[in-house]
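# Report on the structure
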Amino acid sequence: MDNFINILSMISLAIGSFFIFSGSLGLIKLPDVFSRIHAAGLIDTLGSGFVVLSLVLYSGFTLVSFKLLLIPLFLLFTSPISSHAISLFAYESGLKPKAKIKKK
Amino acid sequence: MIFFAALTILALAIILCIIRAIKGPTPFDRILSISSIGTIIALGIAVHGFAFQRPEFVDISLMYVLLNFLGTIAILKFYKIKGKKI
């Protein structure tokens, strides 16, 4: 049973680091500020969620796991505020989205 | 051993974010990529603590997340919105 939880923790760590890497790859490939915010949100939600889930499964039911669970809780509050502020100031300073909308 | 592999992938992700922070055409790209670097470093501190058998590093990671948010908002205070005072 202990071995099973360790394997589950390793799989979760691999998934989390994959999401972080793909988020930062999107930060380079995407063409615009407003679409890069979408890629940065992937790091803050899924990446931190899976990495912290893996560490909680590894450490068991202790005080350390409670402190670990506080990290995605704070990120869940602060990440939308900061990304909304960045997009608001970018839009008001004259940048427009580059994506073209197809009209039928 | 899987922790060291995860730390390597996080370091590669930080290098990609630094490329965007150097190359970015507008200041908002740079602010966004610095914010992402802060989040990745906060996760990396926690993973590093578990890799070297010292899980007390979680406290530093928790503080890093909060200071990262404050830094982003503090840099954005330098920009203005037309007709509004912030």
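Keep in mind that what you see is a predicted model, and the values were worked out from it rather than measured.

Analysis parameters
Residues numbered from 1 in each chain as written. Chains lettered and ligands numbered in written order. Predicted model: local features only at pLDDT ≥ 70, side-chain atom pairs only at ≥ 80, totals over all residues. Helix = DSSP H or I, 4+ residues; strand = E, 2+ residues; numbered from the N terminus. Buried ≥ 20, exposed ≤ 12 C-beta atoms within 10 Å, placed from the backbone. Contact = placed C-beta atoms within 7 Å. Nonpolar A, V, L, I, M, F, W, Y, C, P; charged D, E, K, R; others polar. Expected span 1.5 Å × (residues − 1). Axes fitted to C-alpha atoms, helices over the stretch in contact; angles between N-to-C directions. Parallel < 35°, antiparallel > 145°, perpendicular 65-115°, else oblique.

We now examine the overall build of chain A. Scanning chain A from N- to C-terminus turns up three helices and zero strands. Of the regular secondary structure in chain A, the N- to C-terminal order runs α-α-α. Over its C-alpha atoms, taken along the principal directions, chain A stretches across nearly 55 × 25 × 25 Å. The burial tally for chain A puts 34% of its 104 residues in the buried class. In chain A, once contacts between residues fewer than 6 apart in sequence are set aside, the share between residues at least 24 apart is 60%.

Below, the discussion takes up the interface of chain B and chain A. Taken together, the 39 residues of chain B in the interface contact 36 residues of chain A. Of the residues forming the side of chain B that touches chain A, the biggest block, 14 residues, is contributed by helix H2 (residues 27-51) of chain B. Across the side of chain B that touches chain A, the residue classes tally to 28 nonpolar, seven polar and four charged.

Moving on, we come to helix H1 (residues 2-29) of chain A. With 28 residues, H1(A) should reach 40 Å at 1.5 Å per residue; the first-to-last C-alpha distance of 41 Å fits that figure. Turning to H1(A), its buried residues are Ser12(A), Leu13(A), Gly16(A), Ser17(A), Phe19(A), Ile20(A), Gly23(A), Ser24(A) and Leu27(A). Next to the buried residues of H1(A) lie helix H2 (33-59) of chain A together with helix H1 (2-23) and H2 of chain B.

With that settled, consider the packing of H2(A) against H2(B). With their axes 10 Å apart at the nearest point, H2(A) and H2(B) run at an angle of 10° to one another. By the angle between their axes, H2(A) is roughly parallel relative to H2(B). The residues of H2(B) that touch H2(A), namely those facing Val33(A), Arg36(A), Ile37(A), Ala40(A), Ile43(A), Asp44(A), Ser48(A), Val51(A), Leu55(A) and Tyr58(A), are Phe28(B), Asp29(B), Leu32(B), Ser35(B), Ser36(B), Thr39(B), Ile40(B), Leu43(B), Ala46(B), Val47(B) and Phe50(B). For the contact of H2(A) with H2(B), the per-class residue count stands at 14 nonpolar, four polar and three charged.

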